[in-house]
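Inside the fold
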Amino acid sequence: AQSVTQPDIHITVSEGASLELRCNYSYGATPYLFWYVQSPGQGLQLLLKYFSGDTLVQGIKGFEAEFKRSQSSFNLRKPSVHWSDAAEYFCAVASSNFGNEKLTFGTGTRLTIIP
Amino acid sequence: EPEVTQTPSHQVTQMGQEVILRCVPISNHLYFYWYRQILGQKVEFLVSFYNNEISEKSEIFDDQFSVERPDGSNFTLKIRSTKLEDSAMYFCASKGFNTEAFFGQGTRLTVV
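What you see is a predicted model, and the numbers here were worked out from it, not measured in a lab. (Residues numbered from 1 in each chain as written. Chains lettered and ligands numbered in written order. Predicted model: local features only at pLDDT ≥ 70, side-chain atom pairs only at ≥ 80, totals over all residues. Heavy atoms only, no water.)

1. Quick notes on the nonpolar core
What counts is decided by this rule: Each nonpolar core is a collection of buried residues, namely Ala, Val, Leu, Ile, Met, Phe, Trp, Tyr and Cys, held together in the definition by side-chain atoms within 4.5 Å. For every residue, the accessible area (1.4 Å probe, protein chains only) is compared with the maximum for its type, and the residue is labelled buried under 20%, exposed over 50%, or partly exposed between those bounds. Here a helix means four or more residues in a row that DSSP labels H or I, a strand means two or more in a row labelled E, and each is numbered from the N terminus. Residue contacts are counted whenever heavy atoms from the two residues lie within 4.5 Å of one another.
Membership of the largest hydrophobic core comes to 26 residues, with the highest contact counts inside it found for L19, W35, L47, L48, F74, L76 and Y89 of chain A. Elements represented by at least two residues in this core include exactly β2 (10-14), β3 (19-21), β5 (32-38), β6 (44-50), β8 (64-68), β9 (73-78), β10 (87-94) and β12 (109-114) of chain A. Setting aside its immediate chain neighbours within four residues, Y89 of chain A contacts Q6, L21, W35, Y36, V37, L47, F63, L76, G108, T109 and L111 of chain A. Core analysis: the next-biggest nonpolar cluster, separate from the first, contains 22 residues, W34, F49, V67 and V111 of chain B among them.

Next comes the structure, spelled out in structure tokens:
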């Protein structure tokens, strides 16, 4: 069965500082990986996804993530955070993107931005 | 930009009552889902739906739960007799053949 671990429950960074949110997955074959963001009172918005190819993927809002098969990781990064990035971030894995495959989510990382 | 719409945004119900959560998926999508998020916990898969039938369901999705796509646009989740532990945010999602899943804003269900 697939699973996702997000080891950091809560991270606080200063505005303008760099950010890295960790995600480790468990899946026997090539995973399909996603990062979603949930702002307060909002639904889940897709930041970026990895299916195959270049292991460094770019997403919206200046985020990027790197797939490292040897470490079973898909960490999310941003060089300089903005106050509007304060939100909950979820890493998710699926066995495919074709058809009706479900997503398995991690427990999420809450990001707080301080001035 | 097309979006998934959920109603209501917040519902309060008494324990033992039936509730229906409603969703309007993106119009050309084929696959529909319900997920839930208990406060402070992770988002959990409940059920997936395709071609007018359930494709997969989790252990959470017991006989108290049912889903329906009564017409060409709506996708509903019914909880027959709510329990306190059903209190959660419920997310509807829809997906095309080779697209990511698009999520609605969620319905916060509070059972009292």
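2. Let's talk about the environment of S48 of chain B
Residues and elements named next belong to chain B. Checked against the element boundaries, S48 lands in strand β5 (residues 43-50). The class for S48 is buried, based on a relative accessible area of 1%. Separated by 45 residues in the primary sequence, S48 and A93 place their C-alpha atoms 9.2 Å from one another.

3. Things to note about unusual backbone geometry
Peptide bonds are trans in most cases, and residues, glycine excluded, mostly fall at negative phi. With omega at -10 degrees, the peptide bond leading from T7 of chain B into P8 of chain B counts as cis. The phi dihedral of S72 of chain A falls on the positive side, at around 50 degrees, and the residue is not glycine. Its location among the elements puts S72 of chain A in the loop between β8 and β9. Although it is not a glycine, N52 of chain B adopts a positive phi angle of roughly 65 degrees. As for its position among the elements, N52 of chain B is in the loop between β5 and β6 (53-57). Its relative accessible area of 60% is what places N52 of chain B among the exposed residues.

4. Regarding the sheet that holds strand β7 (residues 65-68) of chain B
All names here are of chain B. Rules: Pairing between strands is defined by DSSP: at least two bridges between them are needed. Structural elements are reduced to axes, namely lines fitted to C-alpha atoms, with helices fitted over the stretch in contact, and the angle between N-to-C directions of any two is expressed from 0 to 180 degrees.
Read from one edge to the other, the open sheet built from 4 strands follows the order β1-β3-β8-β7, with strand pairing classed as antiparallel. Taken across any chain shown, the strands that pair with only one partner, and hence form the sheet edges, are β1 (5-7) and β7. Sheet twist, expressed as the mean angle between neighbouring strand axes with direction ignored, is 20 degrees.

5. Topic: the interface of chain B and chain A
How large an interface is tends to be reported as the accessible area lost when its parts come together. Condition: We define buried area as the total accessible area lost by two parts upon association, computed with a 1.4 Å probe and summed across both. Each reported salt bridge corresponds to a side-chain nitrogen of Lys or Arg within 4 Å of a carboxyl oxygen of Asp or Glu. Polar contacts, as counted here, are pairs of nitrogen or oxygen atoms within 3.5 Å of one another; within protein the pair requires one atom able to donate a hydrogen and one able to accept it, and residues that are adjacent in sequence qualify only if both atoms are side-chain atoms.
Contacts between chain B and chain A engage 21 residues on the former and 19 residues on the latter. Both sides together, the interface formed by chain B and chain A hides about 1800 Å², and carbon and sulfur atoms give 52% of it. On the chain B side of the interface with chain A, the three residues burying the most area are K42, E100 and F103 of chain B, jointly 27% of the side's total. One salt bridge in this structure joins K49 of chain A and E100 of chain B, with 2.8 Å as the shortest N-O distance. At the surface where chain B touches chain A, the tally comes to 8 residue pairs in polar contact (both at pLDDT 80 or more).

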